[in-house]
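# Observations on the three-dimensional arrangement
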Amino acid sequence: RRSVHYPPITSQSKSTQTGGSAVVASGLGEGQRLLSRAKRGWVWNQMFVLEEFSGPDPILVGRLHTDLDVGGKSIKYILAGEGAGTIFAINELTGDIHAMKRLDREEKAEYTLTAQVINAETDEPLEPPSEFIIKVQDINDNPPQFVQAPYQASVPEMSAVGTPVTRVTATDADDPVYGNSAKLVYSILEGQPYFSIDPNSATIKVALQGMDREMREEYLVVIQAKDMGGHMGGLSGTTTVTITLTDINDNPPKFSKNLYEFVIPEDLPIGKMGGKVKANDRDTGENSKSTYGIVEGDDQGVFEIITDSQTQEGILQLKKPLDYESKRAYNLKVEATNVRSEPGSGPFKDTATVKITVEDSDEPPVFSKPIYQLEVNENAPINTIIGTVTARDPDSTGSQISCLCRYFIDRHTDLERQFNINVDDGKITLAKLLDRETDMWHNITVTATEVRNHSQISRAIVAIRVMDINDNAPEFATEYEAFLCENGKPGQVIQTVSAVDKDDPIQGHYFNYRLVPEMLNNPNFTIKNNQDNSISVLAKHDTFRRQKQEMYFLPIIVTDNGHPPMSSTNTLTIRVCGCSKDGIVQSCNVEAYVLPIGLSMGALIAILACIVLLLVIVVLFVTLRRHKNEPLIIKDDEDVRENIIRYDDEGGGEEDTEAFDIATLQNPDGINGYLPRKDIKPDLQFMPRAGQHSGPNGVDVDEFINVRLHEADNDPTAPPYDSIQIYGYEGRGSIAGSLSSLETTSSDSDQNYDYLREWGPRFRRLGELYSVGESDRET
């Protein structure tokens, strides 16, 4: 129910016109009337107070009145200002002011208007304008609202009672100053007894001890905000708060089984999975992660257990190979431990037993060594035993029992087949002579295959070292060529000579140099040992002259210190040269002494150039002569290409028989003799052969062609390429005669075709077509 209040009007008279009439401003309510002051004129700063409303009918706000409104005097009230004419309207005759539309304090709390009295006939103002205020008084017409709804909040599980969770806030559009329309009180409609809320601050708190996320993770709490201080008649609004309990590490891992049993084959590769275990943890995230370890039963360190980061499973895998013959079962104690733990909480770990049974597998043979190193002397005789490889069967009860294996050499590693192996006992023998200077090491692969199961194969590397023997004689390190100056001094070092040996003795090389026996008393040269496996060649005199002897050969014997010692004879070439005063070689030739006197080097070069020019001219002349006499077809045994011979002459057509005589083929009765080839010029002349005799009816073409083909194949003058010969002869005719009726003078009726029936089934139909019966002839 809405009511209109008319409080006493307080006014301050500012200025009025003297002699004006008094103005009465009145508000109607409960018979009370407000009269104007004794002083004439409008009353200023009047205020009307009106509650906001939403009714459809106009509501009287107040009434304006002036002393001039007496009797039948024609006056008129007018209204101006905020909302005049739209929200507020004035009765021109009575001065009553009505509110025409809904007033909402939340939109506008007060309006300032101006009233004035004018002459209704002339519209002249009778009084100066007077300003007054209409104030809209608040009523509780707006419920509380949660502008940030819905709310999401979280709190750790197992939180203590009173732990703050979150705070919600509601707003009320009513006037917070006037009355209790905007005073809010909060309460929980749903969510008890788990949570509580402070009625004034709207802080939500934990209300129940020991809330466990693993039992319930999410709660929906409904919060109500009510105005009027929570009293009856107040308006309210609600919101929802979703509260999630966050996880803490309050649960230990727990194996799904106390005993796990796995069967693992003994040939399982290292690093491969042998089984899985799983410890479940009711926590989430990092709190649920665990690590696994083996705490008992694996003294040899055969197994390890790792954690799968995706599934949080424990993966059991091998660190060392299993051996069924040595150990067939394992009992392991596996432990799962949380990665994180809460301070002061209990042990977050669990244990389980893992029983592993090793399954026997057919394993390949095992060599006694992974790599064998053998030695053999070079040049050892063939079939020499170098060494033996052995393998055992790991599936046998005794670890030292040799397996029933067959041994082979992988020939991809012995391409030259230098070694052999006994397939039964693994003895490696020499198949070819070895040379250490060619290959010092030979690496071959030997395979061992079980006799009862050929798929079980194992391999071993055999490194064979070729031991050195003294089988190479030393020789000069290079092909020495010494130079001796004519003006040299006796005892001058001509050349320093060293030797090399392909052998490699353990004690190192030591070479002995000496002249051959016939050169021991050499009057020209001698040698000197330098004590470093080298010698110096010395000249004995200074009378060497190029005119006398230009070159000397000095054979030297080099011997090593091997057992037995090896030696070789090497020859040192010594040239006598002309040298400068400083001993620098200038010329080692004798041309200065053999050239005629007065003939310089330039003249000699000119003579040689002339001779070369003449030779070139002669060669060109001979080449041109040969080219002119060259036949059309080049007779060259090495030229096997197919050549194209061009004939520039057109010839005389069919009557031209000079180039090619084909009369024999066109008329085999005419010529039967030998026709020489016209396309080449033979170097040898052969006697013509007697032609084939024709039969009674002329030449047999098939025999004629065979004869010509035989002659062409055996003709030495024929070019070395295939040629095509076209035979235009078609033959003379058939002994059966012509079957055509074009040239015959007889008619069909005169001919008898009965003989066609005698030629067989193929001509029977033809005979029926051409044969005429007696009845046909009569008709």
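Residues numbered from 1 in each chain as written. Predicted model: local features only at pLDDT ≥ 70, side-chain atom pairs only at ≥ 80, totals over all residues. Heavy atoms only, no water.

Let's shift gears to the overall build of the chain. The number of helices and strands found in the chain is six helices and 42 strands. Sorting the 779 residues of the chain into buried and exposed places 34% on the buried side. Of the contacts formed within the chain by residues at least 6 apart in sequence, a portion of 66% connects residues at least 24 apart. Carbon and sulfur atoms form 51% of the exposed surface of the chain, whose accessible area is close to 49,100 Å². (Helix = DSSP H or I, 4+ residues; strand = E, 2+ residues; numbered from the N terminus. Buried < 20%, exposed > 50% of the residue type's maximum accessible area, 1.4 Å probe, protein only. Contact = heavy atoms within 4.5 Å. Areas by Shrake-Rupley, 256 points an atom, 1.4 Å probe, with all protein chains shown as cover.)

Attention shifts here to the sheet that holds strand E19 (residues 273-280). The pairing of strands in a sheet happens through backbone hydrogen bonds and is either parallel or antiparallel. Taken in spatial order, the four strands of this open sheet run E17-E19-E22-E21, and their pairing is antiparallel. Looking at the sheet topology across the chains shown, the edges are occupied by strand E17 (254-255) and strand E21 (303-307). Bridge analysis of E17 against E19 gives two bridges, and the strand direction is antiparallel. Within the sheet, the bridge partner assigned to Lys-254 lies in E19 and is Asn-280. (Pairing = 2+ DSSP bridges.)

Strand order in the open sheet formed by four strands is E18-E24-E23-E20, with mixed pairing between adjacent strands. Pairing within the sheet leaves two strands with one partner each, and these edge strands are strand E18 (259-265) and strand E20 (290-296). Adjacent strand axes in the sheet meet at a mean angle of 30° when their direction is disregarded. Where E20 and strand E23 (residues 329-338) come together, six bridges link them in antiparallel fashion. Residue pairing across strands places Ile-294 opposite Val-334, the latter belonging to E23. (Axes fitted to C-alpha atoms, helices over the stretch in contact; angles between N-to-C directions.)

The two faces of strand E24 (residues 349-359) differ: Asp-350, Ala-352, Val-354, Ile-356 and Val-358 on one face are buried, but Lys-349, Thr-351, Thr-353, Lys-355, Thr-357 and Glu-359 on the other face are not. As paired strands, E18 and E24 are joined by seven bridges and run parallel to one another. Within the sheet, the bridge partner assigned to Tyr-260 lies in E24 and is Val-354. Strand direction decides the pairing type here: E23 and E24, joined by nine bridges, are antiparallel. Each bridged residue has a counterpart across the sheet, and for Ala-336 the counterpart in E24 is Asp-350.

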